[in-house]
Protein chains: 2
Amino acid sequence: MPTAASIPDSPDSPGSPDDRADRTDPADRTDPADRTATDRSNRTARPASARAAAPTGANLTALRDHNAATVLSLVRAAGAGGVSRVELARASGLTAQAISKIVQRLTEDGLIAEAGRGASTGGKPRTLLSLVPDVRWAVGAQLGRDTLTVLRADLTGRMAAGRRMPIDLAGWGPDRVLDLLVDQVRLLLADLPGERVLGIGVASPGPLDQHAGVLHQVTGAPAWQGLRLREAVARRLELPTVVEKDSTAAVLSALGSPNRAFVHLDQGLGAGLVLGGAVQRGARTNAGEFGHQTLDPGGPRCRCGATGCVEALWAAAPTPVAAARILGEAVANLVRLLDLDEVVLGGRAVLAAPEVYLAEVRRVLAARLPDPDWQPVAVSVAPAGPDAVALGAAGLVLARLFG
Amino acid sequence: MPTAASIPDSPDSPGSPDDRADRTDPADRTDPADRTATDRSNRTARPASARAAAPTGANLTALRDHNAATVLSLVRAAGAGGVSRVELARASGLTAQAISKIVQRLTEDGLIAEAGRGASTGGKPRTLLSLVPDVRWAVGAQLGRDTLTVLRADLTGRMAAGRRMPIDLAGWGPDRVLDLLVDQVRLLLADLPGERVLGIGVASPGPLDQHAGVLHQVTGAPAWQGLRLREAVARRLELPTVVEKDSTAAVLSALGSPNRAFVHLDQGLGAGLVLGGAVQRGARTNAGEFGHQTLDPGGPRCRCGATGCVEALWAAAPTPVAAARILGEAVANLVRLLDLDEVVLGGRAVLAAPEVYLAEVRRVLAARLPDPDWQPVAVSVAPAGPDAVALGAAGLVLARLFG
DNA sequence: TGACTTTATCCACGCTGTTGCTTAACTGGG
DNA sequence: CCCAGTTAAGCAACAGCGTGGATAAAGTCA
């Protein structure tokens, strides 16, 4: 159930359309800088987009940043209760001395602070440390087909302020929508010094090139095709900008298992994947096309042209329970293929009947995966509710800080 | 097509059954040491096996090892042609000085050596470096239900020697099979000094706990249930030992795209996944259960109890082409969900009719994914042929060295 | 032949985490 | 009440990492 407070709708829509060079030719989508120079593998059938597996070297700065992110991440995971240096040392594998130094730096930066003392375990009691939530902020935005959501999140990933308003992505075109986006972000950040804003994450319907920040064709919105979204937003707001597919962003809307999926059932069906602790985007950053998994070759024809896609079966289901069951079957496939232990359900279709989806997905999972080797799988509804995508987009910015 | 030379069959089977304490109670499968101590997340429905996301700290030793592995990996990727220090510096992001130091250390260890000079680009010609393949060896073994494969691979991942022999996994029981395994490995390593052997990787049918190295139930072979396979092998051979599921091991049998799958169609159907450059095992190290993806709820009943599993549909297919088409449909789902750009087909069922599978999978992929956003996907048959699983198990050991 | 370019190394340096030791802070027995 | 024992955290010296500037080596080209 969506427990967190959600954004109040606020219908106002300024924005003046003017033409800028944000468009790119759909032909040259790939960034040549992304390809490694020393790529002389002698395999016969070489995949086209063998993007740098980035086995990149690390220097002392990278080492320090890595350890700082590690510690910060552990402090965040501890929540308001706090953690002691001793616990940080044990969990990170670093020595107590190293932890002390790192904690000192983080404290000087204002990111963490002492938060009381723990019970003594026979000697000097541990000093507890916790995150200072509001020294840095991340902005998250969701460009929906009919809705724009903009919010501000603190370091713990909690939403502090936000607005949601109706738009017409296809009809208005990029300039008007982006101008509106920019105005709303400026309102959110009005009383904040710029150096305390880490950046902005913008979630959009796919497919897109996440790395380059360029949209591909957005079904039914030709004006957006080839838009250099990251550049466009970064230039207007002068903030570090990250672009992400909506369902992928959503998986970062809350902390969770290192092997989890966010199943986003809105106008389309997508899945955001975190596997082995890392967000998975795939070779062309299009991973998570969950809606067009074939679940029944004899099923109804889908708008994608194929037959028996999950999305088509779901749309054709006679009752809400039947629709939820279809989703459950697809989720069972997902869990089994990737060995997930957490599935978060979200998107408007789910939020319209959360109990039905929760119950049916759990039921199908229990039936399809009776073997204890595959249990338990935690199934829940996105705590951020309708803000999950935008909050996850903000989480994408926070992720830079936490490793 | 399986081009590489494959292991000659050699039927001999010593091995004396004696009882050792390699068994573990199936109840205490999880290793308590794997769980983080500072795990006090306040989520309500916490997944049971939220194994340490391991945001572990790094010290200077780890930094050095990481950079050495990075460089070594780049040298390996360059193949026999070699790479220069300058290219290594550019690809790794390290300075030329750092590369020089690292190269010096690696050369002293005998892992790499100079391999001629490149053409001058206007000044002193570059000194080319390449891997010395046979200074270290990795052993790979596949415990099949009816076959034992044991081989030795050099640093480039090429098989140097190996044997394959029939066994009866269920009938013989662990001790006889493991004794045979140990004898065969000793034969393979007879003329090698121990310090040049990096370790052994053992692939087995799943499910298993890869991290703990403990088998779960092996269908039809109750004597193997709960066997501490890693400990048992490590104790007998006194070598670093890694255990892996067969299909997961196979994905490491050759270098390839950072987003690829090895589809292993043998007695069962499994998939080994490399996503984002990392092998994916999932929450309970059971990822890749590809055979029991539901592809047609109205289909025939599977031995797993459900209906319409890929495996059941495949088995029920009237012709080899129809069977290959089923696999193609399942692979199309996989490619679309994870955005893969490379799929390798292997296992005896594929190797029995490689052209049929290759053609059908390619055909279905082209039909199911007409959108250029999803192309090209390189589809091939495992170059290592029947040795893919064992070679991948050896690759698992090599992976330690290459990062 | 000599100027120039590129490659690779030498050496001093700053910064990292580590080690050994000291100080701080609390528990609990006599 | 005191003091031994225990645990937490900081201080100082240190080894090892990659970096930056200078330099030698080995080619090209006019």
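A quick note: this is a predicted structure, and the numbers were derived from the prediction, not measured.

A. Just the pairing of strand β11 (residues 260–265) of chain B, in detail. Residue and element names in this part refer to chain B. With six of six residues buried, β11 lies mostly within the body of the structure. Here β11 shows two buried faces, one formed by Arg260, Phe262 and His264 and the other by Ala261, Val263 and Leu265. Counting the residues between successive antiparallel strands, the hairpin from β11 to strand β12 (residues 269–275) contains three residues. In terms of strand pairing, β11 meets strand β14 (residues 342–346) through five bridges, oriented parallel. Directly across from Arg260, in β14, lies its bridge partner Glu342.

B. Quick peek at the relation of the copies chain A and chain B. Of the transformation superimposing chain A on chain B, the axial component is 0.0 Å and the angular component is 180°, with the fit at an RMSD of 0.1 Å. A rotation of that kind, with that shift, is consistent with a two-fold axis. Interface overlap between copies is the fraction of interface residues in one copy that are interface residues in the other; for chain A against chain B it reaches 100%, indicating a shared surface.

C. Structural context of the state of the cysteines. If you walk through the whole model with that rule in mind, you get zero disulfides over all chains. You can see Cys309(A) has no disulfide; the closest cysteine sulfur is in Cys304(A), sitting 3.5 Å from it.

D. Region of interest: the pairing of strand β4 (residues 137–143) of chain B. All names here are of chain B. Within β4, seven of the seven residues are buried, leaving the element largely enclosed by the surrounding structure. Of the two faces of β4, the one carrying Trp137, Val139, Ala141 and Leu143 and the one carrying Ala138, Gly140 and Gln142 are both buried. Looking at chain direction, β4 and strand β7 (residues 197–204) are connected through six bridges and run parallel. Within β7, the position partnered with Gln142 by the bridge is Ala203. With six bridges connecting them, β4 and strand β5 (residues 147–153) associate as antiparallel partners. Along β5, the bridge assignment pairs Ala138 with Ala153.

E. Just the protein's contact with DNA strand D, in detail. Not every one of the 29 residues close to DNA strand D is listed here, only the nearest: Gln97(A), Ser100(A), Arg126(A), Arg64(B) and Thr95(B). Taking all atoms of DNA strand D within 4 Å of the protein, the share assigned to sugar and phosphate is 64%. Thr95(B) places a polar side-chain atom, nitrogen or oxygen, 2.4 Å from a phosphate oxygen of DNA strand D. For the surface near DNA strand D, the elements supplying multiple residues, two or more each, are α2 (85–92) and α3 (96–108) of chain A together with α1 (60–78) and α3 (96–108) of chain B. The dominant element in the surface near DNA strand D, judged by the number of residues it contributes, is α3(B), at five residues. Here the surface near DNA strand D is built from residues that sort into eight nonpolar, 13 polar and eight charged.

F. Representation of the protein's contact with DNA strand C. DNA strand C sits among 28 residues. The nearest are Arg64(A), Thr95(A), Ser100(B), Arg126(B) and Thr127(B). Within 4 Å of the protein, the contacting atoms of DNA strand C are 69% sugar and phosphate, with bases supplying the remainder. Note that a base oxygen of DNA strand C is positioned 3.0 Å from one of the backbone N or O atoms of Lys124(B). Here the surface near DNA strand C takes five residues from α3(A), the largest share from any one element. In terms of residue class, the surface near DNA strand C is made up of seven nonpolar, 13 polar and eight charged.

G. Main features of the sheet that holds strand β3 (residues 127–131) of chain A. Residues and elements named next belong to chain A. Taken in spatial order, the three strands line up as β1-β3-β2 in an open sheet, and their pairing is antiparallel. Looking at the sheet topology across the chains shown, the edges are occupied by β1 (83–84) and β2 (112–117). Bridge count between β1 and β3: two bridges; the pairing is antiparallel. Bridge pairing links Val83 to Leu129 in β3. Here helix α1 (residues 60–78) sits on the sheet in contact with β1, β2 and β3, set at roughly 95° to β3.

H. Molecular detail of the pattern of salt bridges. Residue and element names in this part refer to chain A. Tallied over the full model, the rule gives 27 salt bridges over all chains. Measuring nitrogen to oxygen at the nearest pair gives 4.0 Å for the salt bridge that ties Asp191 to Arg152. With Asp191 in the loop between α5 (174–188) and β7 (197–204) and Arg152 in strand β5 (residues 147–153), the pair connects residues that are 39 residues apart, well separated along the chain. Note that Arg303 and Glu311 form a salt bridge whose closest N and O atoms lie 2.3 Å from each other. Residue classification places Arg303 among the exposed positions, given a relative accessible area of 61%. Classification of Glu311 as buried rests on a relative accessible area of 9%. Counted as one network, the salt bridges with shared partners bring together Asp146, Asp266 and Arg348.

I. Quick look at the nonpolar core. Core analysis: the largest hydrophobic core is formed by 79 residues, its most contacted members being Leu345(A), Phe290(B), Leu327(B) and Leu345(B). In contact with Leu327(B), other than residues within four places in its own chain, are Val263(B), Leu265(B), Leu269(B), Phe290(B), Leu345(B), Tyr357(B) and Val361(B).

J. Up close: the interface of chain A and chain B. On the chain B side, the residues contacting the 82 residues of chain A number 82 residues. Here chain A meets chain B over a buried area of about 6,700 Å², counting both sides, of which 51% is carbon and sulfur. Our count for the contact surface shared by chain A and chain B stands at two salt bridges. Taking the shortest distance from any N to any O, the salt bridge between Arg284(B) and Asp339(A) comes out at 2.9 Å. At the surface where chain A touches chain B, the tally comes to 30 residue pairs in polar contact (both at pLDDT 80 or more). Of all the elements, α1(A) adds the most residues to the side of chain A that touches chain B, at eight residues. Residue composition of the side of chain A that touches chain B, grouped by class: 35 nonpolar, 29 polar and 18 charged.

Definitions and limits used
- Residues numbered from 1 in each chain as written.
- Chains lettered and ligands numbered in written order.
- Predicted model: local features only at pLDDT ≥ 70, side-chain atom pairs only at ≥ 80, totals over all residues.
- Heavy atoms only, no water.
- Buried < 20%, exposed > 50% of the residue type's maximum accessible area, 1.4 Å probe, protein only.
- Helix = DSSP H or I, 4+ residues; strand = E, 2+ residues; numbered from the N terminus.
- Pairing = 2+ DSSP bridges.
- Least-squares fit on C-alpha atoms with pLDDT ≥ 70 in both.
- Contact = heavy atoms within 4.5 Å.
- Disulfide = S-S within 2.5 Å.
- Near = heavy atom within 4 Å.
- Polar contact = N/O pair within 3.5 Å; in protein donor to acceptor, adjacent residues only side chain to side chain.
- Nonpolar A, V, L, I, M, F, W, Y, C, P; charged D, E, K, R; others polar.
- Axes fitted to C-alpha atoms, helices over the stretch in contact; angles between N-to-C directions.
- Salt bridge = Lys/Arg side-chain N within 4 Å of Asp/Glu carboxyl O.
- Core = buried A, V, L, I, M, F, W, Y, C linked by side-chain atoms within 4.5 Å.
- Buried area = accessible area lost by both parts, 1.4 Å probe.

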